[in-house]
Amino acid sequence: MQNEALLGLENLSIHVGKVPIIEAVSLDIRAGEMVGLVGESGSGKSVTALSVMRLLAEPPMKIASGSIRFDGHELTSMNETDLRALRGEEIAMIFQEPMTSLNPVFTIGQQIREMIRLHRDVSKRQADQQAEQLLARVGIPSPATTLRRYPHQLSGGQRQRVMIAIALACEPKLLIADEPTTALDVTIQAQILDLIDRLRQETAMAVLLITHDLGVVSQHCDRVAVMYLGRIVEYAAADELFANPRHRYTEALMRTIPSTNAPGDRLPAIAGTVPQPANRPSGCAFHPRCAAATARCAQDIPPLEGDTHKTACWNPVT
Ligand SMILES: Nc1ncnc2c1ncn2[C@@H]1O[C@H](COP(=O)(O)OP(=O)(O)O)[C@@H](O)[C@H]1O
Ligand SMILES: [Mg+2]
């Protein structure tokens, strides 16, 4: 039991019509673990996250094959009533722009209290107290005052702390954080990640941290999955991945991390962009952007292979 994953995606494929958006994705997260899911915009990170919450726009999206197991339940076949009980209660999610998830016409206090009372049988006064404690826990300096404020009266960093407080209200077993710090400046970004990391250590909550920035995951994640055009191309322990990247795409992403470049250097973005899923290149989807591509790379899709360090590359970094 100790080693059984809390969340396990297995061979998950999601299609729009006949076009695969996510292909054969396998990923697992154990209790208390933080796993990073990394890749440029358009890689399929958010679709993966939404599939776990079963919040995909179905249709046009459809789970074509594979399974999503969470804490002993199969989510791909779960009915909407059971799914609703799971969301917010056992699995919580925070997004990039908290302004869109907070209701502008209600105070922070009203919104946190509503979340608490939705899931717990407590009085208004108890919910008030819990809301204040939650805000203190996520590092809001004057919780009582903040409870009376409206979302637009807070900074972006404070709004994200409030979203984390709302996510924590029900003590979820899994937190999915989809680009939670992308809209924030670097200092606030580091504070929010430290906060998420501290909370997961305190509560043994598992975290799926989604980001386009490999630098963001380097300090906090136990394991990292690198995604490109709907497929996981590399999956390893974070230390191992950063010490020893094998996939050419991971290597290219690493060159875009600020700390690995001389200060003042303009970061070299990877030339080109992620193709649309409908125009998937043959073979390894990264081959048209890869300096090390060989003839084989344009022909065959490389399988994701390896024991604890998995890579899908015909010509890996050695
Ligand atoms: N509702 C949708 N209908 C059709 N295609 C979609 C839909 N949502 C996302 N996609 C496509 O799925 C791919 C992956 O998107 P997404 O998961 O948002 O990427 P990421 O989060 O990594 O930036 C993109 O090519 C995007 O255009
Ligand atoms: Mg996204």
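Residues numbered from 1 in each chain as written. Chains lettered and ligands numbered in written order. Predicted model: local features only at pLDDT ≥ 70, side-chain atom pairs only at ≥ 80, totals over all residues. Heavy atoms only, no water.

A.B. asks: Now, about the side chain of Arg54: what can you tell me, with residues and values included?
C.D. replies: Summarising the element assignment, Arg54 is placed in the loop between helix H1 (45–53) and strand S4 (61–70). Here Leu75 takes part through its backbone oxygen, which lies 2.6 Å from a polar atom of the side chain of Arg54. What Arg54 contacts, discounting residues up to four positions off in sequence, is Ile63, Leu75, Thr76, Ser77, Met78, Leu83 and Arg87. (Helix = DSSP H or I, 4+ residues; strand = E, 2+ residues; numbered from the N terminus. Polar contact = N/O pair within 3.5 Å; in protein donor to acceptor, adjacent residues only side chain to side chain. Contact = heavy atoms within 4.5 Å.)

A.B. asks: If you had to explain the packing of helix H4 (residues 108–119) against helix H5 (residues 124–137) to someone new, which residues and values would you point to?
C.D. replies: Contact geometry for H4 and H5: axes closest at 9 Å, N-to-C directions at 110 degrees. Considered as vectors, H4 and H5 are oriented roughly perpendicular to each other. Where H4 crosses over H5, the handedness of that crossing is right-handed. Contacts between H4 and H5 involve Ile108, Ile112, Arg113, Ile116 and Arg117 on the former and, on the latter, Lys124, Ala127, Asp128, Gln130, Ala131, Leu134 and Leu135. Classifying every residue of the contact of H4 with H5 by side-chain character gives seven nonpolar, one polar and four charged. (Axes fitted to C-alpha atoms, helices over the stretch in contact; angles between N-to-C directions. Parallel < 35°, antiparallel > 145°, perpendicular 65-115°, else oblique. Left-handed = near helix turned anticlockwise from the far one by under 90°. Nonpolar A, V, L, I, M, F, W, Y, C, P; charged D, E, K, R; others polar.)

A.B. asks: I'd like a rundown of the sheet that holds strand S11 (residues 310–311), residues and numbers included.
C.D. replies: If you walk across this open sheet you meet the seven strands as S6-S7-S8-S3-S9-S10-S11, and the pairing is mixed. Since the sheet does not close on itself, it has two edges, and those belong to strand S6 (91–94) and S11, each with one partner. Sheet topology places strand S3 (residues 34–38) next to strand S9 (residues 223–228); four bridges connect them, and they run parallel. Counted as the bridge partner of Leu37 is Ala225 from S9. Against the sheet, helix H7 (residues 156–168) contacts S6 and strand S7 (174–178), and its axis sits at roughly 170 degrees relative to S6. (Pairing = 2+ DSSP bridges.)

A.B. asks: Would you mind going over the sheet that holds S4 in detail, with residue names and values included?
C.D. replies: Ordered in space as S2-S1-S4-S5, the four strands form an open sheet in which the pairing is antiparallel. One side of each edge strand has no neighbouring strand; the edge strands of this open sheet are strand S2 (19–29) and strand S5 (73–74). Along the sheet, H1 makes contact with strand S1 (7–16), S2 and S4, crossing S1 at roughly 115 degrees.

A.B. asks: Pulling in residues and values, what's your account of the environment of Thr308?
C.D. replies: Residue placement: Thr308 occurs in the loop between helix H11 (248–254) and S11. Thr308 gets classed as exposed once you look at its relative accessible area, which sits at 67%. Counting along the chain gives 266 residues from Thr308 to Gly42, while the straight-line C-alpha distance between them is 26 Å. What Thr308 contacts, discounting residues up to four positions off in sequence, is Tyr235 and Ala236. (Buried < 20%, exposed > 50% of the residue type's maximum accessible area, 1.4 Å probe, protein only.)

A.B. asks: Any details on H7? Residues and values, ideally.
C.D. replies: Along its 13 residues, H7 runs 18 Å from first to last C-alpha, staying within 8% of the 18 Å computed at 1.5 Å per residue. Most of H7 sits out of view: 11 of its 13 residues are buried. Within H7 the residues assigned to the buried category are Gly157, Arg159, Gln160, Arg161, Val162, Met163, Ile164, Ala165, Ile166, Ala167 and Leu168. (Expected span 1.5 Å × (residues − 1).)

A.B. asks: Please set out the packing of H7 against helix H8 (residues 186–203) residue by residue, giving values where relevant.
C.D. replies: Where H7 meets H8, the axes come as close as 10 Å, and the angle between the chain directions of the two elements is 15 degrees. Considering their axes alone, H7 and H8 lie roughly parallel with respect to each other. When the axes of H7 and H8 are compared, the crossing they make is right-handed. Across from Gly157, Gln160, Arg161, Ile164 and Leu168 in H7, the residues of H8 making contact are Ile188, Gln191, Ile192, Leu195, Ile196 and Leu199. Of the residues in the contact of H7 with H8, the class split is seven nonpolar, three polar and one charged.

A.B. asks: Can you lay out the site of ligand 1 for me, pointing to particular residues and giving the numbers?
C.D. replies: Around ligand 1 sit 14 residues, and of these Gly42, Gly44, Lys45, Ser46 and Val47 come closest. Within the side chain of Lys45, one N or O atom sits 2.8 Å away from an oxygen atom of ligand 1. Surface burial for ligand 1 is 67%, taken as the share of its 560 Å² of free accessible area covered by protein chains. Residues belonging to the shell around ligand 1 are distributed by class as follows: six nonpolar, six polar and two charged. (Near = heavy atom within 4 Å. Areas by Shrake-Rupley, 256 points an atom, 1.4 Å probe, with all protein chains shown as cover.)

A.B. asks: So what's going on with the side chain of Glu23? Which residues, and what values?
C.D. replies: Checked against the element boundaries, Glu23 lands in strand S2. Among the polar contacts listed, one links the side chain of Glu23 to the side chain of Arg231, at a separation of 3.4 Å. Among residues more than four places away in sequence, those in contact with Glu23 are Leu12, Ser13, Gly230, Arg231 and Arg280.

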